[in-house]
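One-letter residues, chain by chain:
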Amino acid sequence: MKRRTEKSDYLTSEYTNKSFRGTISENKFKIISSTIGKGAFCVMTGEILAEEIYVNVEIHTVFKVLLTMMLCFPLIGFSVLVFSKVEEFSPSFIIVAFGQMLMIRYVFIAIAFKILSKSSLVRLRDVLDIEFIKPSK
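The rules behind the values
- Residues numbered from 1 in each chain as written.
- Predicted model: local features only at pLDDT ≥ 70, side-chain atom pairs only at ≥ 80, totals over all residues.
- Heavy atoms only, no water.
- Helix = DSSP H or I, 4+ residues; strand = E, 2+ residues; numbered from the N terminus.
- Polar contact = N/O pair within 3.5 Å; in protein donor to acceptor, adjacent residues only side chain to side chain.
- Expected span 1.5 Å × (residues − 1).
- Bend = angle between axes of the 7 residues up to and from the residue.
- Buried < 20%, exposed > 50% of the residue type's maximum accessible area, 1.4 Å probe, protein only.
- Pairing = 2+ DSSP bridges.
- Core = buried A, V, L, I, M, F, W, Y, C linked by side-chain atoms within 4.5 Å.
- Contact = heavy atoms within 4.5 Å.
- Phe/Tyr/Trp six-rings, centres within 6.5 Å; stacked < 30°, edge-to-face > 60°.
- Lys NZ or Arg CZ within 6 Å of the ring centre and 35° of its normal.
- Axes fitted to C-alpha atoms, helices over the stretch in contact; angles between N-to-C directions.
- Parallel < 35°, antiparallel > 145°, perpendicular 65-115°, else oblique.
- Nonpolar A, V, L, I, M, F, W, Y, C, P; charged D, E, K, R; others polar.
- Salt bridge = Lys/Arg side-chain N within 4 Å of Asp/Glu carboxyl O.

Visitor: So what's going on with the environment of Ser 19? Residues and values would help.
Guide: One can find Ser 19 in the loop between strand S1 (5–7) and strand S2 (20–25). For the pair Ser 19 and Thr 35, spaced 16 residues apart in sequence, the C-alpha to C-alpha distance is 7.8 Å. Side-chain polar atoms of Ser 19 contact the side chain of Arg 4, separated by 2.6 Å.

Visitor: Tell me about helix H1 (residues 61–84), and name the residues and values.
Guide: Taking 1.5 Å of rise per residue, 24 residues should cover 34 Å, and H1 covers 34 Å from first to last C-alpha, within 8% of that figure. Largest kink in H1: about 30 degrees, centred on Phe 73, with the proline Pro 74 one to four residues after it.

Visitor: I'd like to hear about the pairing of strand S5 (residues 53–59), residue by residue, with values.
Guide: Side-chain direction in a regular strand flips from residue to residue, so the side chains alternate between the two faces of the sheet. Burial analysis of S5 places five of its seven residues in the buried class, the great majority of the element. Pairing of strand S4 (residues 42–48) with S5 involves seven bridges; the strand directions are antiparallel. Residue Thr 45 lies in a different strand from S5, and its bridge partner there is Asn 56. If you look at the hairpin formed by S4 and S5, you'll find four residues sitting between the two strands.

Visitor: So what's going on with the nonpolar core? Residues and values would help.
Guide: Counting residues in each nonpolar core, the largest one holds 17 residues, and the members touching the most others are Phe 20, Phe 29, Ile 31, Phe 41, Met 44, Val 55 and Leu 124. Of all elements in the fold, only strand S3 (28–33), S4, S5 and helix H2 (92–128) reach the threshold of two or more residues within this core. For this core, the element with the highest residue contribution is H2, accounting for five residues. Not counting the four nearest positions on each side in its chain, Phe 41 is found in contact with Glu 58, Ile 59, His 60, Phe 63, Leu 67, Ala 112, Phe 113 and Leu 116.

Visitor: I'd like a description of the packing of aromatic side chains, backed by residues and values.
Guide: On inspection of all chains with the given rule, the structure shows one aromatic pair. In this arrangement the basic side chain of Arg 105 is found over the ring face of Tyr 106, its NZ or CZ atom lying 4.7 Å from the centre.

Visitor: Outline the packing of H1 against H2, listing residues and values.
Guide: For the pair H1 and H2, interaxial distance at closest approach is 10 Å and the crossing angle is 170 degrees. With respect to H2, the axis of H1 lies roughly antiparallel. From H1, Leu 67, Met 70, Leu 71, Pro 74, Leu 75, Phe 78 and Leu 81 reach across to H2, where they touch Phe 93, Ile 94, Ala 97, Gln 100, Met 101, Ile 104, Arg 105 and Ile 109. Looking at the contact of H1 with H2 residue by residue, the classes come out as 13 nonpolar, one polar and one charged.

Visitor: An account of the pattern of salt bridges is requested, with residue identities and associated values reported.
Guide: One pass over the structure, following the stated rule, counts two salt bridges. Measuring nitrogen to oxygen at the nearest pair gives 3.5 Å for the salt bridge that ties Glu 6 to Arg 21. Of this pair, Glu 6 sits in strand S1 while Arg 21 sits in strand S2, and the two are 15 residues apart along the sequence. Between Lys 7 and Asp 9 there is a salt bridge, with its nearest N and O atoms 3.7 Å apart.

Visitor: How would you sum up the environment of Cys 42? Please name residues and give values.
Guide: With respect to the element layout, Cys 42 can be found in strand S4. In this structure Cys 42 comes out as buried when scored by relative accessible area, which is 1%. For the pair Cys 42 and Ile 115, spaced 73 residues apart in sequence, the C-alpha to C-alpha distance is 10 Å.

Here it is as structure tokens:
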């Protein structure tokens, strides 16, 4: 794994011929896939023990901030509508804004995380040449 990981304290995407970027120290690691554009979305932290590998996959902090800002867009639009066109306000706008936030969170973000985390884990399994990775403790 050390051979296929480019050492980097900052988990950012960059062109490299290695499979991952990140840090590996003794039996612990914190890496991202080196795929440009989508590799940095998921951060894999974990531990390699004698017979087992534990991996925790989560959304990168930068993407968490950007996605939180995206979740605020329906609220901002709703606020602008309420304050600029008070006479045209309808209670259904509350439901629409709330529905948009739920769609962003539970459809778009969930699907993106599922697809990208799965591809990162498949890449990690290929590098380590193993069959199964256990979820983190």
